[in-house]
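So the chains spell out like this:
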Protein chains: 2
Amino acid sequence: MAVKFSTQHEVVYYECDFNGRMTFPAMIAAAIKTSEDQSEALNRGTDFVNKLGLTWILTNYQLQITRMPRVGEKLTISTMAMEYNKYFCYRHFWIADAQGNQLVLIESVFALMNIENRKMASVPEAVIAPYESEKVTRIRRYPKIEKVVAGQSQFYQVRVYDIDSNHHVNNAVYFNWLLDVLGMDFLTSHEPVSALIRYDKEIEYGVQVESRYDQVPITNENGEALITTRHEIRVGAAVCCEANITWRKK
Amino acid sequence: MAVKFSTQHEVVYYECDFNGRMTFPAMIAAAIKTSEDQSEALNRGTDFVNKLGLTWILTNYQLQITRMPRVGEKLTISTMAMEYNKYFCYRHFWIADAQGNQLVLIESVFALMNIENRKMASVPEAVIAPYESEKVTRIRRYPKIEKVVAGQSQFYQVRVYDIDSNHHVNNAVYFNWLLDVLGMDFLTSHEPVSALIRYDKEIEYGVQVESRYDQVPITNENGEALITTRHEIRVGAAVCCEANITWRKK
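Computed from a predicted model, the values in this text were never measured in an experiment.

A. Quick look at the interface of chain A and chain B. Across the boundary between the two partners, chain A contributes 33 residues, which contact 33 residues of chain B. Both faces considered, chain A and chain B share a buried interface measuring about 3,100 Å² in area, 61% of it formed by carbon and sulfur atoms. Looking only at chain A, the three residues that lose the most surface to chain B are Tyr13(A), Arg159(A) and Tyr161(A), adding up to 29% of its buried area. One salt bridge connects Glu10(A) with Lys33(B), and the closest N-O pair in it is separated by 3.9 Å. The interface formed by chain A and chain B contains four residue pairs in polar contact (both at pLDDT 80 or more). Of all elements in the fold, only strand 1 (5-10), helix 1 (24-41), strand 8 (152-157), helix 4 (171-180) and helix 5 (183-189) of chain A reach the threshold of two or more residues within the side of chain A that touches chain B. Among the elements that line the side of chain A that touches chain B, the one with the most residues is helix 1 of chain A, at seven residues.

B. How the structure looks around the environment of Leu58(A). Residue and element names in this part refer to chain A. Mapped onto the fold, Leu58 is located in strand 2 (residues 54-65). A residue is classified by how much of its surface remains accessible, and Leu58, at 12% relative accessible area, is buried. For the pair Leu58 and Val160, spaced 102 residues apart in the sequence, the C-alpha separation amounts to 20 Å. Sequence-distant contacts of Leu58, defined by excluding residues within four places in its chain, comprise Ile32, Ser108, Val109, Phe110, Asn171 and Tyr199.

C. Spatial organisation of the UniProt feature "domain: Acyl-ACP thioesterase-like C-terminal" (unreviewed entry) in chain A. Mapped onto the present numbering, the UniProt feature "domain: Acyl-ACP thioesterase-like C-terminal" (unreviewed entry) falls on residues 150-249 of chain A. As a span, residues 150-249 of chain A carries 17% helix and 51% strand, and end to end its C-alpha atoms are 22 Å apart.

D. Summary view of the nonpolar core. Counting residues in each nonpolar core, the largest one holds 136 residues, and the members touching the most others are Tyr61(A), Leu63(A), Trp177(A), Tyr61(B), Leu63(B) and Trp177(B). In this view, Trp177(A) contacts Tyr156(A), Val158(A), Asp162(A), Val169(A), Ile203(A), Val209(A), Ser211(A), Ile233(A) and Arg159(B); residues no more than four positions away in its chain are not counted.

E. Structural context of the domain arrangement of chain A. Residue and element names in this part refer to chain A. As far as domains go, chain A holds domain 1 (4-135) and domain 2 (152-249). Inter-centroid distance (C-alpha atoms) of domain 1 to domain 2 is 19 Å. On the side of domain 2, 22 residues touch domain 1, which itself brings 20 residues to the contact. Across the domain 1/domain 2 interface, buried area totals approximately 1,900 Å², and carbon plus sulfur atoms make up 56% of it. Together, Arg21, Phe24 and Tyr61 form the three largest contributors to the area buried by domain 1 at its contact with domain 2, with a combined 29%.

F. Inspection of helix 1 (residues 24-41) of chain B at higher detail. Residues and elements named next belong to chain B. The terminal C-alpha atoms of helix 1, which comprises 18 residues, lie 26 Å apart, in line with the 26 Å expected from a rise of 1.5 Å per residue. Buried residues dominate helix 1, accounting for 14 of its 18 residues. Of the residues flanking the start of helix 1, the one acting as N-cap is Thr23, its side-chain oxygen 3.2 Å from the backbone nitrogen of Ala26. Of the residues trailing helix 1, Asn43 is marked for its positive phi of about 55°.

G. Seen up close, the pattern of salt bridges. All names here are of chain A. Counted according to the given criterion, the structure contains 38 salt bridges over all chains. Put simply, Arg198 and Glu242 hold a salt bridge, and the shortest N to O gap is 2.5 Å. Of this pair, Arg198 sits in strand 9 (residues 190-199) while Glu242 sits in strand 12 (residues 238-249), and the two are 44 residues apart along the sequence. Take Arg198: its relative accessible area is 28%, and that puts it in the partly exposed class. We classify Glu242 as buried; its relative accessible area is 5%. What emerges from the salt-bridge pattern is a single network uniting Asp17, Arg21, Glu191 and Lys250.

H. Structural view of the relation of the copies chain A and chain B. For the match of chain A to chain B, the screw axis carries a shift of 0.0 Å, the RMSD comes to 0.0 Å, and the turn is 180°. What we have between these two chains is a two-fold relation. Relative to the rotation axis, the C-alpha of Tyr156(A) is the closest in chain A, positioned 4.3 Å from it. When you check the interface residues of chain A against chain B, 100% turn up at the interface there too, and the contact is symmetric in its surfaces.

Parameters at a glance
For every chain, the first residue of its written sequence is number 1, and the numbers climb from 1 along that sequence. For this description, chains carry letters from A and ligands carry numbers from 1, given in the order in which they are written. Two thresholds apply to this predicted model, a pLDDT of at least 70 for residue-level local features and 80 or more for giving and counting side-chain atom pairs, whereas whole-chain, interface and lining totals are computed over all residues. Only hydrogens and water are removed before side-chain values are computed, so all heavy atoms of the structure are retained for them. Contacts are residue-level and defined by heavy atoms, with any inter-residue pair within 4.5 Å sufficient. Put simply, buried area is the surface a 1.4 Å probe can reach on two separate parts but cannot reach once they are joined, added for both. Here, a salt bridge means any Lys or Arg side-chain nitrogen found within 4 Å of an Asp or Glu carboxyl oxygen. Any pair of N or O atoms that falls within 3.5 Å is considered a polar contact. Within protein, one atom must be able to donate a hydrogen and the other to accept it, and sequence-neighbouring residues count only if both atoms are side-chain atoms. For the purposes of this entry, the term helix denotes a DSSP run of H or I that reaches at least four residues, the term strand denotes a run of E that reaches at least two, and both are numbered from the N terminus. Each residue is placed in one exposure class: buried if its accessible area under a 1.4 Å probe, protein chains only, is under 20% of its type's maximum, exposed if it is over 50%, and partly exposed if it falls in between. UniProt positions are given in the numbering used here, feature names are shortened, and annotations may be inferred rather than shown by experiment. Take the buried Ala, Val, Leu, Ile, Met, Phe, Trp, Tyr and Cys residues and link them wherever side-chain atoms come within 4.5 Å; each set so joined is a nonpolar core. Domain delimitation follows an automatic or database domain assignment. Working rule for helices: expected span equals 1.5 Å times residues minus one. The superposition of copies rests on a least-squares fit of C-alpha positions from residues with pLDDT of 70 or more in both.

This is how it looks when you write it as structure tokens:
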């Protein structure tokens, strides 16, 4: 059984939107930081992985949100490497408030990319063993992401600061493009309930991305009326990222 | 004599660019956080100021940079309210590495804005007294900011996440627009030495800003050849921000 690793994180004003609610990019970045801290503690940090000619990439997120963290809150962010197969590593993150209430559960899928040819590589035992996660043969299936049907688009130029040390757009930045198209009025009057996101292609510096979305009403298992926004991020004709986010009206 | 207030800050990967160098927006935000912590400690936090119908705004920064902080560094960020006059409060920030070496000095000018009419307000004794800074009559003059002469421009749409709780673009965001126009090649091959920035007009959600710049060679007092980039941020014909940044080739 893998070990849970936890860090403390105080939510500061610049991680929050105009409403004092932590932004998705800041929350995702803080979660990933916790997994990096665990890797460092196990001597499996960036240097170790890079020396093998590899780098970690994110392929999927699934989020369940009780409520988003707020400015000033002292969070406990915990993470556990759950299981892995030949190509994928499954890692969970739990974000809890100071009273220990779960605010957000993030399920994530990591893979290793060969830095040279930028193709996916199988997971070496030397990298994964210290996490003591379970080796499995099956590939986890996540709920299907519904496609945008009749969308509207906004265009974003990739900026210097969007690029991380992997020389592609950091996965947290996509949330900025995904959410910005929804606009201030929508984001002020709705709370996120859940989200599914899949990264299909990496995006490089200097290109223009198209953030396209539409929205559909849905009913959850309790008969509550919610809204799902369906998203895609394109570079020209290529779909680089797809997402569904479900919202409750405040 | 005012009291110096210090906090510790570990530089994490998402505060850094692709080179592992802390970004200007992240550094400025971390500095401002330290002054907010001091204000909270003195019971002069946001709530206190807002109850008087006021909010702090930034009007100027002057930075002297020995080197930018790097990923993983444990910084000490110190701040002191130096002096104030009827309308302006002068505050310094010092960023030091783990060995106590000064990396960056930030001189800043704050003013108070009336939330209702968005005009500048004089500084009430009730707000400023606990900082024990010196009351002065003179207005500090900062070096003149040289204007862009033959510039090139890039356009940026103001995004939801650019807006802070004052309902205007957060002052740290301007650095993203100012620097992004310089491009990856320039930012990889140059280190910032100093910067001057002045905020003239607040910018609101939904508008498009123009980030315009040019560059001139200069020689410092040691005869070293440096480059100054001259910047302005416009909304239509209105200049909202001007900056000069001096760089050393790596």
